[in-house]
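For reference, the chains in residue letters:
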Amino acid sequence: MNKYWTQSKGDILKKFDVDPQKGLSLSEAKKRLHQKGPNRLRAVKEKSSWTLLVNQLKNLIIILLFVASGMSFLLGEWIQGVAICVAIVIFIVIGFLTELRAVRSMESLRRMGRVTAKVRREGGVKKISAQQVVPGDILIVEGGDIVTADTRLTQASKLQVDESALTGESFPVKKHTQPVKEKVTLGERDNTLFKGTAVSQGSGEGVVVATGMHTELGHISSLVEEAEEEITPLEKRLNQLGQRLIWLTLMIAALVAAVGIVAGKEIYLMIETSIVLAVAAIPEGLPIVATIALARGVWRMARRNALVNRLSSVETLGSTNIICTDKTGTLTENQMTATQVVWDNGEISLKKNEGDSEPSSSMEKNSSPGFWNKIWEEIMTVGLLCNNASLQRNKQGEIQAVGEPLEAALLWTAEKGGYERYRLVQSMPEAREESFDPDVKMMATYNERDDGYYVAVKGAPESVLNVSQRVLTEEGERNFSHEDFDRWQRRNEQMTREGLRVLAFARKNTADINSNPYENLTLLGLIGFLDPPRQKVSDSVEKCLEAGIQVIMVTGDHPLTAHNIALKIGIVKNEKAEVIHSRDIKSTPDLTNGQRKRILGASIFARVSPKQKLDLIQLHQEEEAVVAMTGDGVNDAPALKKADIGVAMGGRGTQVAQEAADMILQDDAFSTIVSAVAQGRVIFHNIRKFMLYLLSCNLGALLTVGIASGVNLPLPVLPLQILFLNLVTDVFPALALGVGEGDPHIMENPPRGSKEPILTQMHWVSVGVHGILIALAALGGLVWSLQGFHMGKEEAVTVSFLILGFARVWNVLNMRNGNLGWIQNDVTKNPYIWGALALCVGLLLSAVYLPVLSEVLSVEVPGAAGWGLILGMSLIPLVVGQSLKSLKWVQP
């Protein structure tokens, strides 16, 4: 890229062939627009409804159901084939509608970001769409504007720009028009405006030097596209489970078919049996229950001010063990506050008590209250006169500060202390201003008085100390000695180490308005400012640490400031905790083992670039960590996309950050993340429970059919009967498990390992035990019906079907937490469970007594003996299962 920031104004204007007074002609602008293209970032392709629909068809279980349906049609089992197709349609519609709602919500957020720009063309100022701005345009900006293209300034009047969204720097940058050195960071190009930043105050104009993807914002947008989006842990686990189920189903079906054919059974019968086995093995309710359980989590999160754009993102937060968070605007208020005042022989802390608009003080030393009042009034006088910020009412009638944050903080401090700037300026009107000069790092104002001019000076402490010749003490003014200079310098350094931004204040009286403002000054004192932590953020960080989640601050701000905030909010407990500077962060392949260990163990990173944020996330992901990244700025966007889950701020967050994120916090509160993590953990445990339930029920059906085929018994349950159980009687109890409130103490446990499957080895043992119990009950009922009660085949199959159905319904009660009792536990306290049980009992009875349904399912009405057998045999898996759970032999 051409180093435009190093060139003079004249050279830039010549390079882009533009007259600053006239601007481009309309024809030339049109020509350049054709050559360079619209001034926009690469368009985010919106997902069509067709794409979302096709995505639903890629589900492995859906694919296997399609195969089973096709085989049913080939064998002439039309009702069976249609029934499976109806189930497929139900799954697809629910998943499609849920994802469509989330995707369209995010796309509506994107469309809110349309802006305009003011440019000079053909001698006049025109307001045009930001997309029509071209290189060479003369862009005109003023306070409140969003910069629409990278621009080399040619004029600047008290111009300050908030670049925190781009660089992470919390202070607005004061802009000028002079060339700067070639090798400077992005935040040090003080003669350039960057696309996507906001003008805090002042006005200016300049030559547009880059548009669209060629801007600095465009380069970051490219990083967002290059950042590989991670598949969430839940998706990985469900995919793995789906693949295992498919292979398991195919192997069992093929094995049973082969054994039957070898044993001399009809090929047609064995193919039909294979279809039954396939339908029995597939948990058809899994996609719908997983989708609704996750959607329920999304709705709960929406009530907690979190907008989720992908269902599985909620669960991902539950497995998060690292949260990388930006500082400015995320952990802090992004609003500077005066916190400490230092004078000759004392200091005082200003603390804003909650619910109290007046500053309270502590740590007062060595000075009488009278002198404190005098020195405070002197400092406030300088701070109010030497100040370009203002307090204004917005449309809601609220008072807001407009201007540079330190100057705004001085106004707020004065306002709360009862000092009125309006009356002060009226009594001492400004006659001259010496604007802030980045070389001398000071500014001054000359204010009229009866005896001449009052000169108010504020600036960087090292600069003000160097030009001060006297210092105000309780005994009056005295010469500012070398010992005084060293003592004040040490105090400044101490405040800086505490993470404060420090300003020094001085004044003098003069009769000459043209005199040098930075001579013969009397030093008054220092004020330290801090961007304070957001309310309740300390509690949120503490909850994360208690839950085994490491919180890492990754900021573009100063290392001392980062360390101070991290210490205040509890990210680190040790005052000597290391802050890693960006210069020590290399690409992951270039790191030695020692460097990797050092970075992995650190919790504070400062002056970090967008590319380095990606490297940090990748480094932790390589160590099997599940990483969440929070942020609100453009500079956060690539990392938000790369992280396992990106969490953007909805209020202060930029459009680019919101587009890259998986979840948006509408209240910008870090505390909402804690609720999201808890909700994610609850959802995972609910998913684990209903999967254990579904798989054990399906295994029971699979074993029932498989064993019956192997021992030459009649098929104990027909394909449509299994489908009825899988879709109807299994789904509702599973849904009830999926929407449970969960364990209130779930955040007291550490996060599960990133490689921990949904069902561990012990859970698979539980699946096997419960499945065997259900199968033995159904087969026992079938044998007893045929040989004990001498029922006909159709009636006996009805008995085994109903035993299988009721045993699966009662099985939901086996999903309780093993540490809780039989009666009072997490399952029995879930009201949805009892509703599901009542509904399922009613559906099973309807399968017997509704003529059309009973005919389709080939069900007969069992007699009194049959119902007694059904009730007794179906309760055996529940009683045995509860006993084994009490002995800790199985677990949910």
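These numbers come from a predicted model, not from an experiment. (Residues numbered from 1 in each chain as written. Predicted model: local features only at pLDDT ≥ 70, side-chain atom pairs only at ≥ 80, totals over all residues. Heavy atoms only, no water.)

Student: Residue-level account of helix α26 (residues 761-788), with values.
Tutor: With 28 residues, α26 should reach 40 Å at 1.5 Å per residue; the first-to-last C-alpha distance of 39 Å fits that figure. H790, located one to two residues past α26, shows a positive phi value of around 50 degrees. (Helix = DSSP H or I, 4+ residues; strand = E, 2+ residues; numbered from the N terminus. Expected span 1.5 Å × (residues − 1).)

Student: With reference to specific residues and values, describe the packing of helix α23 (residues 671-710) against helix α25 (residues 731-738).
Tutor: As a packed pair, α23 and α25 sit with axes 8 Å apart at the nearest point and diverge in direction by 160 degrees. Overall, the two elements α23 and α25 adopt an arrangement that is roughly antiparallel. As for how α23 packs across α25, the hand of that crossing is right-handed. The residues of α25 that touch α23, namely those facing N686, K689, F690, Y693 and L694, are P733, A734, L737 and G738. (Axes fitted to C-alpha atoms, helices over the stretch in contact; angles between N-to-C directions. Parallel < 35°, antiparallel > 145°, perpendicular 65-115°, else oblique. Left-handed = near helix turned anticlockwise from the far one by under 90°. Contact = heavy atoms within 4.5 Å.)

Student: Residues and numbers for the sheet that holds strand β23 (residues 580-581), please.
Tutor: Strand order in this open sheet of eight strands is β8-β27-β26-β25-β9-β22-β24-β23, and the pairing throughout is mixed. If you trace the sheet from one side to the other, it starts and ends with β8 (306-308) and β23, each paired once. In this sheet, strand β22 (residues 550-554) lies alongside strand β9 (residues 322-325) in parallel orientation, the contact comprising four bridges. When the sheet's bridge partners are listed, C324 is paired in β22 with I552. Here helix α20 (residues 610-622) sits on the sheet in contact with β9, β22, β24 (604-606) and β25 (627-631), set at roughly 160 degrees to β25. (Pairing = 2+ DSSP bridges.)

Student: Could you give me a rundown of the side chain of T413, with the residues and numbers involved?
Tutor: On the secondary structure map, T413 appears in helix α13 (residues 405-416). Other than its neighbours up to four places away in sequence, T413 contacts A338, L350, W376 and M380.

Student: Can you tell me about the packing of aromatic side chains, naming the residues and giving the values?
Tutor: Scanning the entire structure with this criterion turns up six aromatic pairs. Residues F73 and W78 carry aromatic rings whose centres are separated by 5.3 Å and whose planes lie at 45 degrees to one another, so their mutual orientation is tilted. For the ring pair F806 and W867, a centre distance of 6.3 Å and an interplane angle of 75 degrees mean the geometry is edge-to-face. Within this pair, whereas F806 is found in helix α27 (residues 793-810), its partner W867 is found in helix α30 (residues 864-886), the two being separated by 61 residues in sequence. Counting every residue linked through ring pairs, the aromatic cluster contains F806, W810 and W867. In this structure, R491 packs its charged tip against the face of W488, placed 5.0 Å from the ring centre. (Phe/Tyr/Trp six-rings, centres within 6.5 Å; stacked < 30°, edge-to-face > 60°. Lys NZ or Arg CZ within 6 Å of the ring centre and 35° of its normal.)

Student: Please give an account of the nonpolar core that cites residues and values.
Tutor: I571, F670 and F690 are the most contacted members of the largest nonpolar core, which totals 134 residues. Ranked by the residues each element gives to this core, the list is headed by α23, at 18 residues. Counting residues in each nonpolar core, the second largest holds 34 residues, with W343, L350, W376 and L410 among its members. (Core = buried A, V, L, I, M, F, W, Y, C linked by side-chain atoms within 4.5 Å. Buried < 20%, exposed > 50% of the residue type's maximum accessible area, 1.4 Å probe, protein only.)

Student: Kindly report on the packing of α23 against α27, identifying the contributing residues and their values.
Tutor: Where α23 meets α27, the axes come as close as 10 Å, and the angle between the chain directions of the two elements is 160 degrees. Accordingly, the angle class assigned to the pair α23 and α27 is roughly antiparallel. Along this stretch, α23 crosses α27, giving a crossing that reads as right-handed. Listed contacts from α27 to Y693, C697, N698, G700, A701 and T704 of α23 are L804, R808 and V809. Partitioning the contact of α23 with α27 into residue classes produces five nonpolar, three polar and one charged. (Nonpolar A, V, L, I, M, F, W, Y, C, P; charged D, E, K, R; others polar.)

Student: How would you sum up the environment of V382? Please name residues and give values.
Tutor: Here V382 lies in helix α12 (residues 369-385). Distance in space between the C-alpha atoms of V382 and A506 is 7.3 Å, their sequence separation being 124 residues. Setting aside residues up to four positions removed in sequence, V382 forms contacts with Y454, A456, V457, F505, A506, R507 and L524.

Student: Residues and numbers for the environment of L715, please.
Tutor: Mapped onto the secondary structure, L715 falls in the loop between α23 and α24 (719-729). The exposure class of L715 is buried, given its relative accessible area of 17%. Between the C-alpha atoms of L715 and K793, which are 78 residues apart in sequence, the distance is 9.4 Å.

Student: Describe the pairing of β9, with residues and values.
Tutor: Of the two faces of β9, the one holding I322 and C324 and the one holding I323 and T325 are both buried throughout. Sheet topology places β9 next to β25; four bridges connect them, and they run parallel. Paired with I322 across the two strands is V627, which belongs to β25.

Student: Kindly report on the confidence of the model for the protein, identifying the contributing residues and their values.
Tutor: For the protein, per-residue confidence averages 83 on the pLDDT scale, and 87% of positions sit at 70 or higher. Predicted confidence for residues 108-113 stays below pLDDT 50, and this span has nine contacts to residues more than four positions away or in other chains. With pLDDT under 50 throughout, residues 353-365 is counted as low confidence; its partners more than four residues away or in other chains account for 29 contacts. (pLDDT = per-residue confidence, 0-100.)

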